[in-house]
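Examination of the molecular architecture
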Amino acid sequence: GIQVEQSPPDLILQEGANSTLRCNFSDSVNNLQWFHQNPWGQLINLFYIPSGTKQNGRLSATTVATERYSLLYISSSQTTDSGVYFCAVGPNDYKLSFGAGTTVTVRA
Amino acid sequence: EPEVTQTPSHQVTQMGQEVILRCVPISNHLYFYWYRQILGQKVEFLVSFYNNEISEKSEIFDDQFSVERPDGSNFTLKIRSTKLEDSAMYFCASKLGGTGAFGEGSWLTVV
């Protein structure tokens, strides 16, 4: 199956700081999504981004499919951004393989 | 905004018992999934369902597991005889095209 590696595994930020999370994957994909898992365990879909760049408020993401990586940018971080960020990829619509996640802690 | 709903939110069951986890996907979605997440670990794919049949399943999805879409709205995951290692958060997801949605999860504790 497709291997997904996320870095860094842990990230501690001061409120207001910017950060970049990275996702590398081992094979061509037609599906790539970023999720945020909040402290209550809910998985929130942030971006569907198999290629290109998207922005949603303080979050943006870029996927360079030819080089098999994706980046998630968090700007002006807030304490509510804390949680685990997962990258998930798949060759098609039928299956997603998740990375191990990046645990983000934003301190006030 | 439409959302995927799951019930129960938390269930405790005795080892060996049957469990049914229920999901109501978003109404116009065509692809349905179950994933699980053991505490502290990554989310793992279990099964996908499209056009009233399983389209793909993982090695985890053995004969103890089954899925069903008994009517036009529900999508269920049945675990026939639960084991301790089935304790996990189970997520249902659905999608139409590119963007999908996950439910809030059903936390299953097997004792």
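Presented here is an overview of the structure given in this document. Keep in mind it's a predicted model, so treat the numbers as computed, not measured.

A few points about the pairing of strand 8 (residues 69–74) of chain A
Residue and element names in this part refer to chain A. Strand 8 sits mainly inside the fold: 5 of its 6 residues count as buried. Here strand 3 (residues 19–25) runs beside strand 8; their pairing, made up of 6 bridges, is antiparallel. Paired with Cys23 across the bridge in strand 8 is Ser70. When strand 7 (residues 59–64) meets strand 8, the two strands line up antiparallel, connected through 6 bridges. By the bridge assignment, Thr62 is partnered in strand 8 with Leu71. Hairpin connection of strand 7 to strand 8: 4 residues between the antiparallel strands, including Arg68 at a positive phi of 60°.

Things to note about the sheet that holds strand 3 (residues 19–24) of chain B
Residue and element names in this part refer to chain B. Reading across from one edge, 1-3-8-7 is the order of the 4 strands in this open sheet, with antiparallel pairing throughout. A single partner strand is all that each edge strand has here, and the edge strands are strand 1 (5–7) and strand 7 (65–68). Strand after strand, the sheet turns through a mean of 15° between neighbouring axes, direction not considered. Judged from the 4 bridges that link them, strand 7 and strand 8 (residues 75–79) form a sheet pairing that is antiparallel. Bridging from a neighbouring strand, Val67 pairs with Leu77 of strand 8.

Rules of the game
- Residues numbered from 1 in each chain as written.
- Chains lettered and ligands numbered in written order.
- Predicted model: local features only at pLDDT ≥ 70, side-chain atom pairs only at ≥ 80, totals over all residues.
- Heavy atoms only, no water.
- Buried < 20%, exposed > 50% of the residue type's maximum accessible area, 1.4 Å probe, protein only.
- Helix = DSSP H or I, 4+ residues; strand = E, 2+ residues; numbered from the N terminus.
- Pairing = 2+ DSSP bridges.
- Axes fitted to C-alpha atoms, helices over the stretch in contact; angles between N-to-C directions.

Everything listed is a geometric property; what it means functionally is a separate question.
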